[in-house]
Structure formats: C-alpha cells, structure tokens
Amino acid sequence: MTTCAIYIQYESTEPWQLEFNRQFPHLHVQNWQHITDPEQVKYGIVWKPTEAFFQRFPNLTTVFNLGAGVDAILGNRAVPKHIDIYRIEDGGMAAQMNQYFSYFLLHYFRDMDRYQQQQPLNQWQVQPFKSASSFSVGILGLGQLGAQLAQHLQSYGFDVAGWSRSRKQLHGVTSFTGAEEFEPFLRRTNALCCLLPLTPDTQGILNRQNMSQLPKGAVVINAGRGEHLVVDDLVELLDENHLRGAVLDVFEQEPLPAEHKLWQHPKIMMTPHSSAQSEYAPCVEKIGNTLQAITNNKSPSGFVDRIRGY
Ligand code: NDP
Ligand code: OXD
C-alpha cells in the first residue's frame, strides 16, 4: 500500500480521496492531518500547501499539484530542492477556459457592454456591424490551455494570435515569441487573454507600458494570476478610455477584500478564480498514472522545471 498525503487549501479533501479510492484503490490517499506515521510518506497531493505541510513530511520525494499553476509551490520556502513536482495538464480545465474566454470575448465583440449602457437610457441604437475576422484576439501563453483556446476561438472566425517562449505551429494561429516580438503582438491585439504561468519573467507583464501598446478600445482578460497585472495601471488606462473593459478572474489577494476598489469599477467584470476548476476524474487519473510511471522509472509528462518556473 502506498500512502499519499493530501492537502487542499480551503476545501475538503474528501471528494478527492473518494475518487482516488475509486480509480486507484491500492493508493492510500489520506488527509495530511490524519496521518499517524508521517516519516513513511513519500508522495504529496496538494493545492496551495502551507509550510507546515512540508515540515510534517520530511521524506517526501514527489508532490503532485492539483492545478496547472505551480507558483504557490515554487514560492513556498519549505519545499526542499530535491522534491520532484508534477502539475495537472488540462485536467478538464481547457474546455472550461474555452467557455470562459468565449463568453467574455463574444460579450465585447457583439457590443453587449454598449447595449448594457444604452438600456437604462431607453436608447434604441444598433452598433455598427464588424466582421469576426476584424477582431484580433491575442493569447499570452500557448501551453496546455492557451493552445486549445487558440484552436477553439477560430470557430468564431476571430483573427487569433499567441505569444509564447517557443515558436508554435498551430493551424490558423499566428505565433509570436520572445521579447522582440511582444510589441508587434500587442499592437495587433483587440482582446488580450492572459494564460501565462506566474514566473519572475511574467510578473507584472500586464503593466501600463505593455497595455498602452494595445490599440485604443482593446480589452484585457486575465485568468493567469493576479500578479501578472498591475491593477493601478489597468484602472488608469480604463479611466483614460484607452482600454474599453477588462475581465479579471485572478487577484494578488484571494479572496479579493470586500473594500477593494476593483469591485466597483464600471468597466471591470470579475469572477472569483472560477474560470476553470480541476475536475476530479481526469486529474486523479493523471496523478495515479504519473505515480505509476515514476515507480516504473519512466519520465511522465507534467514535470515542473524549477529553473524555467513552470
Ligand atoms: P503551460 O505551462 O502548459 O503553458 C504556459 C505557456 O506560457 C507556454 O506556452 C509558455 O511558453 C508560455 N510562457 C511561459 N513563460 C513565458 C515567457 N516568459 N514569455 C512568453 N511565454 C511564456 O501552462 P497551462 O496552459 O497549463 O496554464 C497556464 C496558467 O494558467 C497556469 O500557470 C495558471 O497560472 C493559469 N490557470 C488559471 C486557472 C484559473 O482558474 N484562473 C486555471 C488553470 C490555470 P512555451 O510553450 O514556449 O514554454
Ligand atoms: C490552476 C488554477 O492553476 O486553478 O489550476 O488556478
């Protein structure tokens, strides 16, 4: 029997334990606080673990992150350097991200924000027709989630591009890479969608200098991490009417404090880090298979490169 310690910030571990038990009954996945012999535990399954988690299990060799972004683990000072980290790739989140971004992109493309403003004024005014191909969507990050989004958005006829570290060959998607191609990417983007991991290179990337290179009237949708965005810069660009609107799913501090100025901004729509959630069945399947592969000395995908930061 292999024991795995599970920790999930703010949530019950029980549904995950039930799913592990259903798919991999030989794995003994136990809530981290209920384990009586922590020295025996080699595997951790975590979402935003505290330092106390790593202090309690001194012999961990591997942790499985229950989400796509590993910034909370890499930023945790108690994580020993020798521990291998694996993350969820897709895990049911790509389809949810496609829905989320489609919803808000169509909102702006079909001028729903303008109709919402007209209605309280009893104003009957049809907004001018625009072809979908004139609406340029730019995706920051063409990884597991961004690449699938780029493919999905083509069904609407949008002009889709993406920016990543390495060049991508994705049918119908214009690929931009690196610092030198960032400005041309921004200049052609009417709707900027952030699906980057949080690393020292991407922190604060949604700042005034970069967002002001977007054409006037552009919109910004951030589902990456709150730390990608410089909030004051966004608010200034919205108030100056350089940007038309923004959608934010992630925040530097979560839950977003009730008194935060973002709640009241008329051009900002917000969701509580809910654009995509790890789905039990595919995530458990992936973790169980990865653990099996590791024990067979194979090199499964999802391994986190600590130097790269994602
Ligand atoms: P991946 O690691 O698969 O993809 C990351 C992408 O970002 C890659 O294309 C990578 O380029 C690119 N990238 C990384 N650093 C840079 C850089 N410095 N310059 C340019 N491009 C860069 O991640 P996922 O698609 O699985 O997830 C992305 C992020 O989405 C997560 O890290 C998380 O923060 C966020 N997320 C948010 C959720 C939510 O509910 N709000 C849910 C799930 C994820 P390359 O391909 O060349 O390596
Ligand atoms: C993730 C997230 O990274 O939910 O998976 O934010």
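The coordinates are above.
Residues numbered from 1 in each chain as written. Chains lettered and ligands numbered in written order. Predicted model: local features only at pLDDT ≥ 70, side-chain atom pairs only at ≥ 80, totals over all residues. Heavy atoms only, no water.

Student: For the pattern of salt bridges, give the residues involved together with the corresponding values.
Tutor: Across all of its chains, the model carries 15 salt bridges by this definition. Between Arg188 and Asp159 there is a salt bridge whose closest N-O contact spans 2.9 Å. Pair noted here: Arg188 is in the loop between helix H7 (182-187) and strand S9 (191-194) and Asp159 is in strand S7 (residues 159-164), with a separation of 29 residues, a long-range link. Look at Asp159 and you get partly exposed, because its relative accessible area is 29%. A salt bridge links Lys261 to Asp232, with the shortest nitrogen-to-oxygen separation between them at 2.6 Å. With Lys261 in the loop between strand S11 (243-248) and strand S12 (268-270) and Asp232 in helix H9 (residues 231-239), this residue pair connects regions lying 29 residues apart in the sequence. Classification of Lys261 by relative accessible area gives partly exposed; the value is 46%. (Salt bridge = Lys/Arg side-chain N within 4 Å of Asp/Glu carboxyl O. Helix = DSSP H or I, 4+ residues; strand = E, 2+ residues; numbered from the N terminus. Buried < 20%, exposed > 50% of the residue type's maximum accessible area, 1.4 Å probe, protein only.)

Student: Any details on the packing of aromatic side chains? Residues and values, ideally.
Tutor: In total, this model carries 19 aromatic pairs according to the counting rule given. Taking the centre distance of 5.2 Å and the plane angle of 75° together, the rings of Phe109 and Phe158 count as edge-to-face. One end of the pair, Phe109, is in helix H4 (residues 93-109); the other, Phe158, is in the loop between helix H6 (144-153) and S7, with 49 residues separating them in the sequence. Cluster of aromatic residues (ring-pair linked, three or more members): Tyr7, Trp32, Phe53, Phe54 and Phe57. The aromatic ring of Tyr310 is capped on one face by Arg308, whose charged end is 3.8 Å from the ring centroid. (Phe/Tyr/Trp six-rings, centres within 6.5 Å; stacked < 30°, edge-to-face > 60°. Lys NZ or Arg CZ within 6 Å of the ring centre and 35° of its normal.)

Student: So what's going on with the site of ligand 1? Residues and values would help.
Tutor: Near ligand 1 lie 30 residues; those nearest to it are Arg87, Gln144, Ser166, Lys168 and Tyr310. Within the contact set of ligand 1, an oxygen atom lies 2.9 Å away from a backbone nitrogen or oxygen of Leu145. Measuring from a nitrogen atom of ligand 1, one finds a side-chain N or O atom of Asp249 at 2.9 Å. Every element with two or more residues in the shell around ligand 1 is listed here: H4, H6 and S7. Residues belonging to the shell around ligand 1 are distributed by class as follows: 13 nonpolar, 10 polar and 7 charged. (Near = heavy atom within 4 Å. Polar contact = N/O pair within 3.5 Å; in protein donor to acceptor, adjacent residues only side chain to side chain. Nonpolar A, V, L, I, M, F, W, Y, C, P; charged D, E, K, R; others polar.)

Student: Got a sec to walk through the sheet that holds strand S1 (residues 2-8)? Specific residues and values, please.
Tutor: In space, the 5 strands of this open sheet follow the order S2-S1-S3-S4-S5, with parallel pairing throughout. Edge positions in the open sheet fall to strand S2 (27-31) and strand S5 (84-86), since each of these has one partner strand only. The mean angle between the axes of side-by-side strands here comes to 25°, regardless of whether they run parallel or antiparallel. Its contacts with the sheet put helix H1 (residues 14-23) on S1, S2 and strand S3 (43-47), and the angle it makes with S2 is roughly 175°. Where helix H10 (residues 280-295) meets the sheet, it contacts S1, S2, S3, strand S4 (62-65) and S5, and its direction lies at approximately 160° from that of S4. (Pairing = 2+ DSSP bridges. Axes fitted to C-alpha atoms, helices over the stretch in contact; angles between N-to-C directions. Contact = heavy atoms within 4.5 Å.)

Student: Mind laying out the site of ligand 2, listing which residues take part and the relevant values?
Tutor: Within the structure, ligand 2 sits among Trp47, Gly67, Ala68, Gly69, Met93, Arg225 and His273. Interatomic distance of 2.6 Å between a backbone N/O atom of Ala68 and an oxygen atom of ligand 2. In this structure, an oxygen atom belonging to ligand 2 sits 2.8 Å away from a side-chain N or O atom of Arg225. In the complex, 87% of the free accessible area of ligand 2, which totals 210 Å², lies under the protein chains. Its residues placed into classes, the shell around ligand 2 shows 3 nonpolar, 3 polar and 1 charged. (Areas by Shrake-Rupley, 256 points an atom, 1.4 Å probe, with all protein chains shown as cover.)

Student: I'd like a rundown of unusual backbone geometry, residues and numbers included.
Tutor: A cis amide bond, omega -5°, links Glu254 with the succeeding residue Pro255. Mapping Pro255 onto the fold places it in the loop between S11 and S12. Of note, Tyr10 is a non-glycine position whose phi angle comes to about 65°, a positive value. Using a relative accessible area of 68% as the deciding quantity, one classes Tyr10 as exposed. With a phi close to 60°, Asp111 is a non-glycine residue in the positive phi region.

Student: Lay out the side chain of Arg225 with the relevant residues and their values.
Tutor: In this structure, Arg225 sits in the loop between strand S10 (218-222) and H9. Here Arg225 is in contact with Trp47, Gly69, Asp71, Leu198, Val250 and His273, once residues within four sequence places are set aside.

Student: Run through the sheet that holds S7, naming residues and quoting values.
Tutor: If you trace the 7 strands from one edge of the open sheet to the other, you get S8-S7-S6-S9-S10-S11-S12, paired in parallel fashion. Of all strands in the sheet, those with a lone pairing partner are strand S8 (174-177) and S12, marking the two edges. Between one strand axis and the next, the sheet turns by 15° as a mean value, whatever way the strands run. One ladder, built from 4 bridges, connects S7 with S8; its direction is parallel. When the bridges of S8 are listed, Gly162 appears paired with Ser175. Relative to S11, H4 is tilted by about 160°, and along the sheet it contacts strand S6 (136-140), S9, S10, S11 and S12. The strands touched by H9 within the sheet are S11 and S12, with S11 carrying the most contacts at an inclination of about 145°.

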